[in-house]
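Below, each chain spelled out in residue letters.
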Amino acid sequence: MKTEAAQAADQFGKVAVLLGGRAAEREVSLKSGGAVLAALQRQGVDAHPLDPDESVLEQLRAGGYDRAFIILHGRGGEDGQIQGALETIGLPYTGSGVLGSALGMDKYRCKLAWTGCGLPTAESVLLRAESDLPAAAALGFPLMIKPVHEGSSIGMAKVDSRDALERAWRTAAEYDALVLAERWIQGAEYTCAILGQEVLPLIRLETPHAFYDFEAKYQADSTRYHCPCGLDTATESQLQRLALDAFEATGASGWGRVDLMVDDVGRPFLLEINTVPGMTDHSLVPMAARVAGMDFDALVWRILETSL
């Protein structure tokens, strides 16, 4: 007779862990996916890695998979594409659906949705061409420059002058035809992990870099993570509620992370949503889960349950 744990693992059937992909964040996804795969297998789940290409649906059908654990970061995995493909073959998957994924990945339209819902986010200008740069400069310096459809801070830069703005726009435009220029917020940066309807403890991020860039996220030993975040209970609860409202406003579901800042006079500003956050040894969702009393294996199990 199977143990209770084995019976629980059987409910998931055969699981494809979708990792890697072809986005700029491929290497991070491979690392995240490897950690997720190992955690599932440790718990008796019949999980297998699958690095998707154009034949991914045929591979899923041929492999007899019952569901997918999506741990693809960036384009193709976090933007609704793979979610829509899985919908067409009726294969359950973890995390947000097509709408929430697509809107969460589009920094510009995500901000429009938040603004429409009355949620606070920094003023910004969409840059499609060089002729849009004066409107960005009119916001005042410094500015944050971001490719609209990239994650992991890829292509981002802080700029303090008109010349730096043009250089940063050209660099960001190498990643994306749409670039966002956002008013710089001076203050503390926080991130809020969401698991189902549960909001995990806030993490305050501290880095000597100009901002929380790719190196600070994945490579630097100088980044500091404060969890508990140091805020009083009432303030932390207000920010958690704001993060959950922001998450739900975009149609996101299952699990994810909302990044925000609080300026020097205490005003919060939403930055962006991650609907497939990192699950590496530097990642923030596992860190918040640990403080909430949930180890990595339990977290991965809970995320897989979002596919049921």
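Definitions and limits used
Residues numbered from 1 in each chain as written. Predicted model: local features only at pLDDT ≥ 70, side-chain atom pairs only at ≥ 80, totals over all residues. Heavy atoms only, no water. UniProt positions renumbered as here; feature names shortened; annotations may be inferred. Pairing = 2+ DSSP bridges. Helix = DSSP H or I, 4+ residues; strand = E, 2+ residues; numbered from the N terminus. Axes fitted to C-alpha atoms, helices over the stretch in contact; angles between N-to-C directions. Contact = heavy atoms within 4.5 Å.

The name given to the protein chain in an unreviewed UniProt entry is D-alanine--D-alanine ligase, and the organism recorded there is Thiobaca trueperi. Per UniProt, the protein chain has the following entry under Subcellular location (unreviewed entry): "Cytoplasm". Quoted verbatim from the Sequence similarities (unreviewed entry) field of the UniProt record, the comment on the protein chain reads "Belongs to the D-alanine--D-alanine ligase family."

Asker: I tried to follow the sheet that holds strand S4 (residues 124-127) on my own but got confused; where do I start?
Answerer: In a beta sheet, neighbouring strands pair by backbone hydrogen bonds and run either parallel or antiparallel. The strand order across the open sheet built from 4 strands is S4-S7-S5-S6, with neighbouring strands paired in antiparallel fashion. Either end of the sheet is taken by a strand with one partner, and the two such strands are S4 and strand S6 (157-159). Strand-to-strand twist across the sheet, computed as the mean angle between neighbouring axes with direction ignored, equals 25°. With 4 bridges connecting them, S4 and strand S7 (residues 179-183) associate as antiparallel partners. Its bridge partner lying in S7, Ser124 is registered against Glu182. Each of S4, strand S5 (143-147) and S7 is contacted by helix H6 (residues 107-116), which is oriented at about 45° to S7, the strand it contacts most. Along the sheet, helix H8 (residues 162-173) contacts S4, S5, S6 and S7; its crossing angle with S5, the most-contacted strand, is approximately 15°.

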